[in-house]
Amino acid sequence: MTLILALDFGGTKLAGGVLNLGSQRWLRYERRFSPTNANASSDLEMMRSLIHSLLQERLPSAIGVSFGGPVDATTGTVRLSHHVSGWENIRLKDLLEAEFGVFVSVDNDANVAALGEHRFGAGQGYDSLFYITVSTGVGGGWIVNNQPWRGAGGMAGEIGHIIVDPSGPMCLCGKRGCVERLASGVYMARDVREMLENEPQRRKEHRGGEKVRELVGGNLDLVTGKVVGEAAVLGDELAEQILYRGAGALGVGIGNVANLMNPQRFVLGGSVTKAGERWWEVVQKTARETALPEVDLEIVPAALGDDAPLWGAVALATQGLPTLGFPIYPTP
């Protein structure tokens, strides 16, 4: 049997799976969380350990890799990671091909997740879709006419850095009021922590935070995007303010993308999309209000959940197998 190895380098976690070509069931699957002080070297060592655990002395026929940051897909070079240091201009494809001696394909996680949803998930049967991941960061990946579309320089789909509030807070990209700065889990957690740490001044303008403090036992260092979402569902006013501000920012971004490109379907995945029905309502409502009335707008949750990048990595890996009689993704 032809063994496919799929890998996902995320901002806070690493994941991998192996399956036989043509199967939609993992033979083995593992997920590991990166330490808070992770860098490229530690991530690579952790991934090597995970790979050998998955393969169990077997060799794959091809490897597909999803990476959480800008990637030159033509060379398999990671340009950088916004959340893990040391990844600048790492030739990940070359490293893995030298180590395992098989074809390796590497691309940005949102592009890869779009492939996964198109082939195996909520994008099946659609010839155009825009996949958006809302998690540690916010990114997007395109399928246009049943083909991945990366743009002239491989940077298409960066919805996270559409500016929706020019006077808003500073994003890591150097601009203010980006979708990612307002809607990502990391930034929402940071804003809640800072507001609670500045309690006396904050009280003049805002209320809430009690549920957040309860969920983390008073240790604000433990506030995450997930905690913000849970507190909002419990009715915490501060958590609601930050969470739904982010949902509105994402909705504005989606509405503008709908006006510009008019895909058949928007597919949303990532940890923040699990923040409850109200989050989805705000995204849907704001997107609909932003888009032109004539623009059809369909927004659905990812069918593959957190594993969309891994399933996309399976699709990527099959590109290296045409000489074995298997089709290059995607088939017409």
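Please read all numbers here as calculations on a predicted model, not as lab measurements. Residue positions within a chain follow its written sequence, with the count starting from 1. Local features in this predicted model are restricted to residues whose pLDDT is 70 or higher, and side-chain atom pairs enter the listing and the counts only when it is 80 or higher, whereas totals over whole chains, interfaces and linings include all residues. As a rule here, side-chain values cover all heavy atoms of the structure and leave hydrogens and water aside.

**Things to note about the domain arrangement of the chain**
In plain terms, the rule: Domain start and stop positions are those given by an automatic or database domain assignment. Any two residues having at least one pair of non-hydrogen atoms within 4.5 Å are treated as being in contact. The term buried area means the drop in 1.4 Å probe accessible area that two parts suffer when joined, counted for both and summed. By definition here, a salt bridge exists when the distance from a side-chain nitrogen of Lys or Arg to a carboxyl oxygen of Asp or Glu is within 4 Å. Under this definition, polar contacts are N or O atom pairs within 3.5 Å; protein pairs additionally need one hydrogen-donor-capable and one acceptor-capable atom, and for neighbouring residues in sequence, both atoms have to be side-chain atoms. Numbered from the N terminus, helices here are DSSP runs of H or I no shorter than four residues, and strands are runs of E no shorter than two. Three residue categories are used. Nonpolar comprises Ala, Val, Leu, Ile, Met, Phe, Trp, Tyr, Cys and Pro, charged comprises Asp, Glu, Lys and Arg, and polar comprises the others, including Gly.
Taken as a whole, the chain is organised into domain 1 (3-109 + 306-318) and domain 2 (122-302). The distance between the C-alpha centroids of domain 1 and domain 2 comes to 26 Å. Counting from both sides, the interface comprises eleven residues of domain 1 and, opposite them, twelve residues of domain 2. With both sides pooled, the region where domain 1 packs onto domain 2 buries about 930 Å², and carbon together with sulfur makes up 48% of that total. Where Asp107 meets Arg150, a salt bridge forms, and the shortest distance between an N and an O atom there is 2.5 Å. The interface formed by domain 1 and domain 2 holds two residue pairs in polar contact (both at pLDDT 80 or more) in total. Looking at the side of domain 1 that touches domain 2, the elements that each hand over two or more residues are strand E8 (103-108) and helix H11 (308-317). Of the residues that constitute the side of domain 1 that touches domain 2, the class distribution is four nonpolar, four polar and three charged.

**Details of helix H5 (residues 185-197)**
For the record, the criterion: Expected helix span is computed as 1.5 Å times (number of residues minus one). A simple rule labels every residue: compare its accessible area, found with a 1.4 Å probe on the protein chains alone, to the largest value its type can have, and call it buried under 20%, exposed over 50%, or partly exposed in between.
Its 13 residues give H5 an end-to-end C-alpha distance of 18 Å, which sits within 8% of 18 Å, the value for a rise of 1.5 Å per residue. All buried positions along H5 are accounted for by Gly185, Tyr187, Met188, Ala189, Asp191, Val192 and Leu196.

**Considerations on the sheet that holds strand E3 (residues 28-33)**
Basically, it comes down to this: Note: two strands are recorded as paired if DSSP finds a minimum of 2 bridges between them. Each axis is a line fitted through C-alpha atoms, taken for helices only over the stretch in contact, and angles between the N-to-C directions span 0 to 180 degrees.
Spatially, E3-E2-E1-E4-E8 is the arrangement adopted by the five strands of the open sheet, whose pairing is mixed. Looking at which strands have only one partner, the edges of the open sheet turn out to be E3 and E8. Taken over all neighbouring pairs, the strand axes of this sheet differ in orientation by 10° on average, direction set aside. Strand direction decides the pairing type here: strand E1 (residues 3-9) and strand E2 (residues 13-20), joined by seven bridges, are antiparallel. Across the sheet, the residue bridging to Leu7 is Gly16, located in E2. On the sheet, helix H1 (residues 40-55) packs against E1, E2 and E3 and is oriented at approximately 160° with respect to E3.

**Remarks on the packing of aromatic side chains**
Filter applied, for reference: In this scheme Phe, Tyr and Trp rings, the latter by its six-membered ring, pair at centre separations within 6.5 Å, and the angle between planes marks the pair as stacked below 30 degrees, edge-to-face above 60, and tilted otherwise.
One pass over the structure, following the stated rule, counts ten aromatic pairs. Seen in terms of ring centroids, Phe9 and Phe67 are 6.0 Å apart; in terms of plane orientation they differ by 40°. Their pairing is tilted. Of the two residues, Phe9 sits in strand E1 while Phe67 sits in strand E4 (residues 62-67), which places them 58 residues apart along the sequence. Seen from their ring centres, Trp26 and Trp311 are 4.4 Å apart, and the 35° between their planes marks the pair as tilted. Remark: Trp311 occurs in helix H11 and Trp26 occurs in the loop between E2 and E3; sequence separation between them is 285 residues. Judged by relative accessible area, which is 9%, Trp311 ranks as buried.

**Examining the environment of Gly246**
Here Gly246 lies in helix H9 (residues 237-261). Expressed as a C-alpha distance, the spacing of Gly246 and Leu129, which sit 117 residues apart in the sequence, is 22 Å. Filtering out sequence-adjacent residues up to four positions away, Gly246 remains in contact with Leu182 and Ala183.

**Considerations on the packing of H1 against helix H2 (residues 92-100)**
The cut-off we apply is this: Put simply, angles under 35 degrees are roughly parallel, angles over 145 are roughly antiparallel, angles from 65 to 115 are roughly perpendicular, and the rest are oblique. Each crossing is labelled by how the near helix is turned from the far one, with a counterclockwise turn of less than a right angle marking it left-handed and a clockwise turn marking it right-handed.
Running from amino to carboxyl end, H1 crosses H2 at an angle of 40°, the nearest separation of the two axes being 13 Å. For the element pair H1 / H2, the angle class is oblique. Note that H1 runs across H2; the crossing there is right-handed. Taking contact as the criterion, the partners of Leu44, Arg48, Ile51, His52 and Leu55 in H1 are, on H2, Leu92, Leu95, Leu96, Glu99 and Phe100. In terms of residue class, the contact of H1 with H2 is made up of seven nonpolar, one polar and two charged.

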